[in-house]
Amino acid sequence: MTGPDVAPPNLRDAPGTAVVVGLGVTGRAVTTHLVGAGWRVVVVEDSATAATADEVAALGATLGTLAAVAGADLVVPSPGVAPAHPVYAAARAAGVAVVSEVEVAWSAAPGKRYVAVTGTNGKTTVTTLVAAMLAAGGTRVVAAGNIGLPLVTAVAGEADVVVAEVSSFQLRYTGRFRPDVAVWLNFAADHLDWHRSLDDYAAAKARVWANQGPTDVVVVNAGDAVVMAAAAAAPGRVVTFGPQGADWSVTAGRLRGPAGDVLAVADLPRAMPHDLENVLAAMAAATAAGATPEACAAGATRTEGLPHRVQLVGESGGVRYYDDSKATTPASVQAALRGFDSVVLIAGGRNKGLDLRPLAGEGARLRAVVAIGEAAHDVEAALAGVAPVTVATSMPEAVRLAAAAARPGDAVLLSPACASFDWYRSYAERGDDFARLVHALTEAS
């Protein structure tokens, strides 16, 4: 199973010297924590400016270069530092362990309980739901990690339970991290611009339970063959969710667990197929962490959908417009499409090295497709003969073309299957631009 190339030291032992690579949100949080714990910290920032040294000094650290790795005890790269970065080769050459922020945070707070959530799609939603369910039962809980709040910041607070969204990037470099509940939602091709192969990507995900014991819990998707195969080697107690026969599933319009009925589907704020899977996964995880069925039901019914995830942003002439800009893989687009009967799809952007042909599997739902961005021709090739495809050279043009193709009862869905970095700085900026244009369109109508 993949992991650090060099076994990391026990971070609860005497502090030493750490090199932190990247001065983004995570890098600042890690630097602040390590300095406070007595470590000598050297920060390496590829895009350092004249003000960077002052900022680093204010954190109690030193701005340096990769040469510092040779004299370090530990290297902590930010999640966005790709494997091609020379810091990894420098660490291997010097025999220095590389660990992620997840490892640093876990070592910093031995008294906390952890629910770790990973998967290709749905991590943020399930993390949010689990935290809401635990909070509804009176547990002091915080949602953190890849969801936005750095883990090293979250564990310094008063919460008893940390619900951590953890990415494959973060898990790849964990050593001792041991969550009480480990959740693997699903697996599909993604991040092949970061991982060496699909096997490497799956192995990184499986590290979520690598250090668990028989008293810990593993929550897995019974409908995902890759996840289930990996779970066969998991050391914890396995709890499944998803299709009929799973420990947590939907029967006769009711969400049910091992102890019986919990909630009616009709009581949920939204009940698309992927919504139901997310709620089932969250209930399984929250219950394993101590939540009652009543608290699970309360958390599920009070939690609205998150922005940029099949979010309704406008309606005009019987056509509804949805922002699903967070969908940056074909699998996530397919999941969104399954919630509709007839869709005009806006897809494209910067391809992450993924095969877009699986989109054709939902071709019966597509009235038309508007292809955008650098990957416009990849979208055309993937859906040729499946649905009419038109190329747009800007988001305003894409919205106009989609509106013209839609018919009453259709959904216009921005669900790109690609990253946003050709036209936008983030998926959120892309979704906000789409929503702004939809609002202008609906107001004009």
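Owing to the predicted nature of the structure, the values given are computational and were not obtained by experimental measurement.

Caption draft 1: Region of interest: the overall build of the chain. Along its length, the chain carries 15 helices and 20 strands. Here the C-alpha atoms of the chain give a radius of gyration of 22 Å, agreeing with the 22 Å that 2.2 N^0.38 yields for 445 residues. In the chain, which comprises 445 residues, the proportion classed as buried is 56%. Accessible surface for the chain amounts to roughly 17,200 Å². Of this, 52% is attributable to carbon and sulfur atoms. Placing the 33 positive and 42 negative side-chain charges of the chain at their respective mean positions leaves the two points 3 Å apart.

Caption draft 2: Highlighting the pattern of salt bridges. Applying the stated criterion across every chain yields a total of 14 salt bridges. The residue Glu55 makes a salt bridge to Arg28 at a minimum N-O spacing of 2.5 Å. Here Glu55, found in helix H2 (residues 52-58), pairs with Arg28, found in helix H1 (residues 25-36); they are 27 residues apart in sequence, far enough to count as distant. Taking relative accessible area as the criterion, Glu55 reaches 31% and is therefore assigned partly exposed. With relative accessibility at 32%, the residue Arg28 sits in the partly exposed group. Its salt-bridge partner being Arg350, residue Glu374 comes within 2.8 Å of it at the nearest N-O pair.

Caption draft 3: Structural detail: the pairing of strand S10 (residues 217-221). Burial analysis of S10 places 5 of its 5 residues in the buried class, the great majority of the element. Covered by surrounding structure in S10 are Val217, Val219 and Asn221 together with Val218 and Val220, the residues of both alternating faces. Bridge count for strand S9 (residues 181-184) against S10 is 4 bridges, and the pairing is parallel. Directly across from Ala182, in S10, lies its bridge partner Val218. Across 5 bridges, S10 lies against strand S11 (residues 237-242) in parallel orientation. Following the sheet pairing, Val218 is matched in S11 by Val238. A crossover connection joins S10 to the parallel S11 through helix H9 (residues 225-231); in handedness this β-α-β unit is right-handed.

Caption draft 4: Fine view of the environment of Gly145. Mapped onto the elements of the fold, Gly145 is located in strand S7 (residues 141-145). With a relative accessible area of 9%, Gly145 lands in the buried category. Sequence separation between Gly145 and Pro86 is 59 residues, and the spatial gap between their C-alpha atoms is 25 Å. Excluding residues that lie within four positions of it along the chain, Gly145 makes contacts with Pro150, Leu151 and Glu165.

Caption draft 5: Fine view of the sheet that holds strand S17 (residues 343-348). Strand order in this open sheet of 6 strands is S15-S16-S20-S17-S18-S19, and the pairing throughout is mixed. Lying at the two open borders of the sheet, with one neighbouring strand each, are strand S15 (311-316) and strand S19 (389-391). Between one strand axis and the next, the sheet turns by 20° as a mean value, whatever way the strands run. For strand S18 (residues 366-372) and S19, the ladder comprises 3 bridges, and the chain directions are parallel. Of the residues in S19, the one forming a bridge with Val370 is Thr390. Across the sheet, helix H13 (residues 376-383) is in contact with S17, S18 and S19; its angle to S18 comes to roughly 155°. Taken strand by strand, helix H14 (residues 395-405) contacts strand S16 (319-323), S17, S18, S19 and strand S20 (411-414), and its axis lies near 170° from that of S18.

Caption draft 6: Summary view of the side chain of Thr303. Within the fold, Thr303 resides in the loop between helix H11 (293-302) and S15. Apart from residues lying up to four places away in sequence, Thr303 is in contact with Thr128, Leu129, Ala132 and Pro269.

Caption draft 7: Molecular detail of the nonpolar core. Ranked by size, the top nonpolar core spans 48 residues in total, and within it Leu34, Leu74, Val76, Trp184 and Trp209 carry the most contacts. With 4 residues, the single largest contributor to this core is helix H4 (residues 101-108). If we ignore the near neighbours within four places in the chain, the residues touching Leu34 are Ala18, Val20, Trp39, Val41, Val76 and Val104. Core analysis: the second largest hydrophobic core is formed by 38 residues, Val117, Phe241, Ala284 and Ala297 among them.

Caption draft 8: Focus on the packing of aromatic side chains. For the structure on display, the rule yields 6 aromatic pairs. Consider the rings of Tyr114 and Phe177, whose centres lie 6.0 Å apart with planes at 85°: the pair is edge-to-face. With Tyr114 in strand S6 (residues 113-118) and Phe177 in the loop between helix H7 (168-172) and S9, this residue pair connects regions lying 63 residues apart in the sequence. Here Tyr114 and Phe177 have matching classes, each one buried. Among the aromatic residues, those joined into a ring-pair cluster are Trp184, Phe187, Tyr201 and Trp209. Between the NZ or CZ atom of Arg12 and the centre of the ring of Trp106, over which it lies, the distance is 4.5 Å. Over the face of the ring belonging to Tyr427 we find Lys326, whose NZ or CZ atom lies 5.5 Å from the ring centre.

About the criteria used
- Residues numbered from 1 in each chain as written.
- Predicted model: local features only at pLDDT ≥ 70, side-chain atom pairs only at ≥ 80, totals over all residues.
- Heavy atoms only, no water.
- Helix = DSSP H or I, 4+ residues; strand = E, 2+ residues; numbered from the N terminus.
- Rg over C-alpha atoms; globule rule 2.2 N^0.38 Å.
- Buried < 20%, exposed > 50% of the residue type's maximum accessible area, 1.4 Å probe, protein only.
- Areas by Shrake-Rupley, 256 points an atom, 1.4 Å probe, with all protein chains shown as cover.
- Lys, Arg positive; Asp, Glu negative; His and termini not counted.
- Charge placed at Lys NZ, Arg CZ, Asp CG, Glu CD.
- Salt bridge = Lys/Arg side-chain N within 4 Å of Asp/Glu carboxyl O.
- Pairing = 2+ DSSP bridges.
- Right-handed = clockwise from strand over helix to strand, strands pointing away.
- Contact = heavy atoms within 4.5 Å.
- Axes fitted to C-alpha atoms, helices over the stretch in contact; angles between N-to-C directions.
- Core = buried A, V, L, I, M, F, W, Y, C linked by side-chain atoms within 4.5 Å.
- Phe/Tyr/Trp six-rings, centres within 6.5 Å; stacked < 30°, edge-to-face > 60°.
- Lys NZ or Arg CZ within 6 Å of the ring centre and 35° of its normal.

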